[in-house]
Amino acid sequence: MKYLSTRGGIEPVSFKAAVMMGLANDGGLLVPETIPDVTPMLGQWAQLSYAELAAAVMQPFADDIEPTVFEALVQRSYQSFSHPDTAPLVPVGGVHILELFHGPTLAFKDIALQFLGELFEHVLCERGEQLNILGATSGDTGSAAIAGVRGKSGIRIFIMFPEGRTSPTQERQMTTVLDDNVFNLSINGSFDDCQNLLKTVFSDLSFKDQYALGAVNSVNWARVLAQVVYYFWSWYQLSQPARFDVAVPTGNFGNIFAGFIAKRMGLPIGKLVLATNANDILARFFDTGVYQRGTVHFSQSPAMDIQVASNFERYLYYQFDQDPIQTSAFMQHFSDQQRAEISAPAGIFDWFVADAVSDVETLQAMNRIHQQYGYLADPHTAVGYLLADRFQEPDVPMVALATAHPAKFEAAVTQALPKVVNTHSVLAGLDRLETRKTAMVSDPEAIKAFIRASC
Ligand SMILES: *Cc1c(COP(=O)(O)O)cnc(C)c1O
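A brief report on the enclosed structure follows. (Residues numbered from 1 in each chain as written. Predicted model: local features only at pLDDT ≥ 70, side-chain atom pairs only at ≥ 80, totals over all residues. Heavy atoms only, no water.)

Description of the pattern of salt bridges
Throughout the structure, instances matching the rule amount to 18 salt bridges. Close ionic contact of Lys16 with Glu126 constitutes a salt bridge, the shortest N to O distance being 2.8 Å. Here the residue Lys16 occupies a position in helix H1 (residues 15–21), and Glu126 occupies one in helix H4 (residues 109–127), the gap between them amounting to 110 residues. Owing to a relative accessible area of 48%, Glu126 belongs among the partly exposed residues under this scheme. Bridged by salt links that share partners, the residues Arg76, Glu118 and Lys152 form one connected network. (Salt bridge = Lys/Arg side-chain N within 4 Å of Asp/Glu carboxyl O. Helix = DSSP H or I, 4+ residues; strand = E, 2+ residues; numbered from the N terminus. Buried < 20%, exposed > 50% of the residue type's maximum accessible area, 1.4 Å probe, protein only.)

Written as structure tokens, this is what we have:
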């Protein structure tokens, strides 16, 4: 399987090269040359465990890794999950909630980042190379990225976060990781300062080259690929209905795009229900065909507070029948005008239904789900659940993806349900653990000096 750029500006590359490249060198996103139709295989996969199914679904996309090696790598990726089903499907009212938060940091990002960490280690070991990951986080992604690569050989990870601006729990999820290859840098500044530091350090190309600097951004193809698996898994858990729909709380369009790939592979998904919070650029797009930048609203579902969705370009590429010229033109127009439009949207556009959910509705939904069914949903999950309920058709099973454990979002849960006990042993235990972080001023030269000294 070869990978191409959505902008058409690179020679086709292998899976391993695509994973190491992250963002395509022409600024586009990497996509597989073809999407295999696995319909004939569906009958054979019914009895597989989660990890076995993951290996089967992903293997055709990763054919430059020997199958037995790949299977072992995938098995290791899901060993860190605490539930025997990895991602259990739980009936709640008329909807089925797929819990994707049983990984080490209690968020669905673990599903992709545990796999990505294993992949990086495999490829680096094979090539005898090293990788220094530099990232900036406002909270959640940092801990999932750290958990993915802690203790892995050939990799160091440097995560910058704004001192005092992440929640104490989020900070402890990062700073209690004491492995030698993990460096938490608490920056005297805002999250924007951290992102600017990241850009400045990456823009020093000779430094980037000399220290083999890499990122774990949400556009890495391997992250999308790992997320395709649980769409298949939920269908088997439902006993293979003729059709089912899936509701997805959406920010950067990575999770729901994986559902799109699953549908292209032949999984009988009917509708993909795209749920946003007040940051509704994607909900507006799937209503009107107009993609227009808004301002960022800070919401009760912060992992979905985005202005532009970094994975959306992959969808556009398929909307334009895999034409890199039209895709590039759309992105260029959007970059110039902050607005671009699909004329007469049809075809795969109709695979999606979308809406935005306000904070008030989110807290109400958390309250109602708990009152009626005794189920505690985190605010992101509640956003998806609300639309799952609204868009469900008679006799069509509906799956709602649960993207975080409620204990990660204590403040919102307390607001929605003041009397409810909301803990998780992993988080409760963090207070007693030793921590390590390095306080740094917001200066790119200081960051570079720190990386140099740590290598
Ligand atoms: C990242 C995240 C999302 C959004 O997923 P995308 O792939 O960016 O659309 C939703 N919920 C939680 C808890 C997340 O961490």
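Moving on from the model shown.
Some words on the sheet that holds strand E5 (residues 131–136)
Ordered by their spatial adjacency, five strands build an open sheet running E8-E5-E6-E7-E15, and the pairing between neighbours is parallel. The open sheet has two free edges, formed respectively by strand E8 (213–214) and strand E15 (438–441), since each of these has just one partner strand. Strand direction decides the pairing type here: E5 and strand E6 (residues 155–162), joined by six bridges, are parallel. Bridged to Leu131 within E6 is Ile155. Each of E5 and E6 touches H4; the most contacted strand, E6, lies at about 140° to it. Set on the sheet, helix H7 (residues 191–203) makes contact with E5, E6, strand E7 (182–188) and E8; between it and E5 the angle comes to about 150°. (Pairing = 2+ DSSP bridges. Contact = heavy atoms within 4.5 Å. Axes fitted to C-alpha atoms, helices over the stretch in contact; angles between N-to-C directions.)

Structural notes on helix H10 (residues 254–264)
Counting buried residues along H10, 10 of its 11 residues qualify, which places the element largely inside the surrounding structure. Those residues of H10 that fall on the buried side of the exposure criterion are Gly254, Asn255, Ile256, Phe257, Ala258, Gly259, Phe260, Ile261, Ala262 and Lys263. For H10, the secondary structure elements touched by its buried residues are helix H9 (221–237), strand E9 (244–249), strand E10 (269–276), helix H12 (312–319), strand E13 (352–356) and strand E14 (398–402).

Concerning the nonpolar core
Ranked by size, the top nonpolar core spans 109 residues in total, and within it Phe115, Tyr231, Phe232, Phe253, Phe286, Phe312 and Tyr315 carry the most contacts. Broken down by element, this core gets its largest block of residues, 13 residues, from H9. Each residue touching Phe312, except ones within four places of it in the same chain, is listed here: Asn252, Phe253, Leu282, Phe285, Phe286 and Tyr291. By size, the runner-up hydrophobic cluster in this structure holds 30 residues, among which are Ala247, Val353, Ile369 and Ala377. (Core = buried A, V, L, I, M, F, W, Y, C linked by side-chain atoms within 4.5 Å.)

Some details on the sheet that holds E10
What the six strands build is an open sheet, ordered E3-E4-E14-E9-E10-E13; its pairing is mixed. Two strands lie at the open edges of the sheet, namely strand E3 (89–92) and E13, each paired on one side alone. The average undirected angle you get between the axes of adjacent strands in this sheet is 25°. Relative to E14, E9 runs parallel, the two sharing three bridges. The residue of E14 that forms the bridge with Val246 is Val399. Contacts between H9 and the sheet are confined to E3, strand E4 (95–99), E9, E10 and E14, with E9 contributing the most and set at about 135° to the helix.

Comments concerning the packing of aromatic side chains
Using the criterion set out here, one finds 40 aromatic pairs in the structure. Residues Phe260 and Trp351 carry aromatic rings whose centres are separated by 5.3 Å and whose planes lie at 40° to one another, so their mutual orientation is tilted. One end of the pair, Phe260, is in helix H10; the other, Trp351, is in the loop between strand E12 (339–341) and E13, with 91 residues separating them in the sequence. Residue placement shows Lys263 over the ring face of Trp351; its charged tip is 4.4 Å from the ring centre. (Phe/Tyr/Trp six-rings, centres within 6.5 Å; stacked < 30°, edge-to-face > 60°. Lys NZ or Arg CZ within 6 Å of the ring centre and 35° of its normal.)

A word on unusual backbone geometry
Positive phi is not limited to glycine here, since Thr86 has a value of about 65°. Mapped onto the elements of the fold, Thr86 is located in the loop between helix H3 (67–78) and E3. You will see that Ala212, though not glycine, has its phi angle at about 45°, which is positive. Looking at the secondary structure, you find Ala212 in the loop between helix H8 (205–210) and E8. For Ala212, a relative accessible area of 29% gives the class partly exposed.

Let's talk about the site of the ligand
Among the 14 residues in the neighbourhood of the ligand, the closest are listed as Lys109, Gly251, Asn252, Asn255 and Thr403. Relative to its free-state accessible area of 390 Å², the ligand is covered by the protein chains to the extent of 96%. Residue composition of the shell around the ligand, by class: six nonpolar, seven polar and one charged. (Near = heavy atom within 4 Å. Areas by Shrake-Rupley, 256 points an atom, 1.4 Å probe, with all protein chains shown as cover. Nonpolar A, V, L, I, M, F, W, Y, C, P; charged D, E, K, R; others polar.)

Remarks on the environment of Asp389
Checked against the element boundaries, Asp389 lands in helix H15 (residues 379–391). On the accessibility criterion, Asp389 (34% relative accessible area) is partly exposed. Measuring from C-alpha to C-alpha, the distance between Asp389 and Gly93 comes to 9.0 Å, with 296 residues separating the pair along the chain. Apart from residues no more than four positions distant in its own chain, Asp389 is found in contact with Val95 and Arg368.

Overview of the state of the cysteines
Per the counting criterion, the structure on display carries zero disulfides. Not part of a disulfide, Cys194 finds its nearest cysteine sulfur in Cys455, a span of 20 Å. Cys194 sits in the buried class, given a relative accessible area of 0%. In this structure Cys455 is not part of a disulfide, and its nearest cysteine sulfur, from Cys125, lies 18 Å away. What makes Cys455 partly exposed here is its relative accessible area of 42%. (Disulfide = S-S within 2.5 Å.)

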